[in-house]
Amino acid sequence: MSPQNSALWLPKPGAPFQVGPAPYTPPAASEVVVRVRAVAVNPIDGLPGFLYRLALPWLTFPAVVGSDVAGEVVETGAGVTGLRPGDRVLGHAFGVDKSRNRAAESAFQHYVVLMRHMVSPIPDSLTFAQAAVLPLALSTAATGMFQQDHLGLAMPGAEPADHADTVVVWGGSTSVGSNAIQLARNAGYQVVATASPHNFDHVRTLGAAHAVDRNSPSAVEEILERIGGGPLAGILAIGSGSLTKTVPLAARAPGGKRIASAQPELFTRITRRRARRHGVRVSSIWGGTLKDNEVGPAIYTGFLPSALATGAYRAAPDATVVGHGLAHIPHALRELKNGVSAKKLVVTL
Ligand SMILES: NC(=O)c1ccc[n+]([C@@H]2O[C@H](COP(=O)([O-])OP(=O)(O)OC[C@H]3O[C@@H](n4cnc5c(N)ncnc54)[C@H](OP(=O)(O)O)[C@@H]3O)[C@@H](O)[C@H]2O)c1
């Protein structure tokens, strides 16, 4: 008999979320079903109604949303290898992605369907709550850094070649930035990151050689000084205002004049034309595209499992558990709107 499932339903954009029964969906050949034990919340989960329609116009309602999952595998599809029931995993849930648009694949429910190649086993030492901080932020950072249509950097690995070039992570203390710093280091690049001074230790601990105050009027000069004469591999621009700072930076730095922006496409498009005049190429990241190319499986099934097990990669930023049960997720979304600094809000299930 199939397990009883329930979900946090969004009846329509802007309406209050409601906890209610949901079907248990068995996995297709390349999918797994995970009993969700922890979810993290992201800005896109709690958008006001009109922004939901703008950001996710294809989404059908009632919908289930949420991207970040950690839990136990309960069932595997016929073609799945390397995972079996009982395994502790994290995974990126794609229910709101245009190509999926399927409630069964979103995080905010007890049993979620995940694509096998976007799921990683986690070590026993990593709690579900801490593991849940990773998926969307990791995917967004990996998309920007490794996809050929973005920065196209060398992939991370256990013994990366040392690169002389520097990756600049603007917004290094965000969840996306915390992953970008670690991915760049694990790929052998030097890293300069911006953050507020109270998060300098955070970005340095993750592997940034230098931390620069993102609010300093001389931030661009300071970064250029830190890079020295060495080439720039590329810039990941995270946070509002990041392109205003990073386009002049890329224009002046020696080496790669590419910026991958985590800002919404609408904002990036306006800057893109201006950047081109300075010889700088700006691309806009959609943190789900890696599931459709070589980057997704390389990160989730190739790199991450052993990197987490050996400690080469940390689930950062720290999780703050704000409640237990589906009904607490709207509270977490409200708290997220008030702002967080170098932490990720998590609800256990
Ligand atoms: N394109 C995509 O697919 C995608 C996916 C996920 C997220 N995003 C976007 O990426 C951004 C970061 O999301 P997140 O979830 O990683 O953030 P988060 O973890 O909530 O970020 C919190 C941190 O943001 C920093 N911050 C605040 N305003 C900033 C600014 N203007 N510039 C740089 N840093 C700033 C603060 O750092 P300090 O306290 O150190 O200043 C704070 O620690 C958001 O804009 C989000 O919408 C895009």
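Residues numbered from 1 in each chain as written. Predicted model: local features only at pLDDT ≥ 70, side-chain atom pairs only at ≥ 80, totals over all residues. Heavy atoms only, no water.

On the secondary structure map, Gln263 appears in the loop between strand 12 (258-261) and helix 8 (265-277). Here Gln263 is in contact with Ala237, Gly239, Ser240, Ser242, Thr268 and Ser284, once residues within four sequence places are set aside. (Helix = DSSP H or I, 4+ residues; strand = E, 2+ residues; numbered from the N terminus. Contact = heavy atoms within 4.5 Å.)

Before going further, it helps to spend a moment on the environment of Gly66. Tracing the backbone shows Gly66 in the loop between helix 1 (49-55) and strand 4 (68-76). Gly66 sits in the buried class, given a relative accessible area of 1%. Once the C-alpha coordinates of Gly66 and Ala103 are considered, the two residues, 37 residues apart in sequence, prove to be 9.8 Å apart. Sequence-distant contacts of Gly66, that is, excluding residues within four places in its chain, are made with Asp45, Ala93, Ser106, Ala107 and Phe108. (Buried < 20%, exposed > 50% of the residue type's maximum accessible area, 1.4 Å probe, protein only.)

Moving on to the nonpolar core. By size, the foremost hydrophobic cluster in this structure holds 57 residues, and its most contacted members are Met145, Phe146, Leu183, Leu236 and Tyr313. Broken down by element, the residue count for this core peaks at seven residues, all from helix 9 (residues 295-310). Counting only domains with at least three residues in this core, you end up with domain 1 (5-134 + 315-348) and domain 2 (139-284). Not counting the four nearest positions on each side in its chain, Met145 is found in contact with Leu151, Gly152, Leu153, Val167, Ala180, Leu183, Ala184 and Leu236. Membership of the second largest hydrophobic core comes to 38 residues, among which are Leu59, Val322, Ala332 and Leu349. (Core = buried A, V, L, I, M, F, W, Y, C linked by side-chain atoms within 4.5 Å. Domains from an automatic or database assignment.)

A few words on the packing of aromatic side chains. Evaluated as defined, the whole model comprises three aromatic pairs. Centroid distance Tyr24 to Tyr111: 5.6 Å. Interplanar angle 70°. Geometry classified as edge-to-face. Here Tyr24 is found in the loop between strand 2 (18-22) and strand 3 (31-40), whereas its partner Tyr111 is found in strand 6 (residues 111-115), with 87 residues between them in sequence. Both residues of the pair, Tyr24 and Tyr111, count as buried. Consider the rings of Trp58 and Trp286, whose centres lie 6.2 Å apart with planes at 85°: the pair is edge-to-face. Here Trp58, found in the loop between helix 1 and strand 4, pairs with Trp286, found in the loop between strand 13 (281-284) and helix 9; they are 228 residues apart in sequence, far enough to count as distant. The exposure class assigned to Trp286 is partly exposed, which follows from its relative accessible area of 35%. Against the face of Tyr111 rests Arg35, its NZ or CZ located 5.7 Å from the ring centre. (Phe/Tyr/Trp six-rings, centres within 6.5 Å; stacked < 30°, edge-to-face > 60°. Lys NZ or Arg CZ within 6 Å of the ring centre and 35° of its normal.)

On to the packing of helix 6 (residues 219-227) against helix 7 (residues 242-252), then. Running from amino to carboxyl end, helix 6 crosses helix 7 at an angle of 35°, the nearest separation of the two axes being 10 Å. Crossing of helix 6 against helix 7: the hand is right-handed. Note on element contacts: helix 7 touches helix 6 through Lys245, Leu249 and Arg252, opposite Val220, Glu221, Ile223 and Leu224. Classifying every residue of the contact of helix 6 with helix 7 by side-chain character gives four nonpolar, no polar and three charged. (Axes fitted to C-alpha atoms, helices over the stretch in contact; angles between N-to-C directions. Left-handed = near helix turned anticlockwise from the far one by under 90°. Nonpolar A, V, L, I, M, F, W, Y, C, P; charged D, E, K, R; others polar.)

Judged from the eight bridges that link them, strand 3 and strand 4 form a sheet pairing that is antiparallel. Looking at strand 4, one finds that Val33 is bridged to Glu75. The pairing of strand 4 with strand 5 (residues 88-92) spans five bridges and is classified as antiparallel. The residue of strand 5 that forms the bridge with Glu72 is Arg88. (Pairing = 2+ DSSP bridges.)

Note that the residue after Phe61, namely Pro62, is joined by a cis bond; omega there is 0°. Inspection of the secondary structure assignment puts Pro62 in the loop between helix 1 and strand 4. Ala316 connects to Pro317 through a cis peptide bond whose omega is 5°. Even without being glycine, Ala342 reaches a positive phi, approximately 50°. For Ala342, a relative accessible area of 19% puts it in the buried group.

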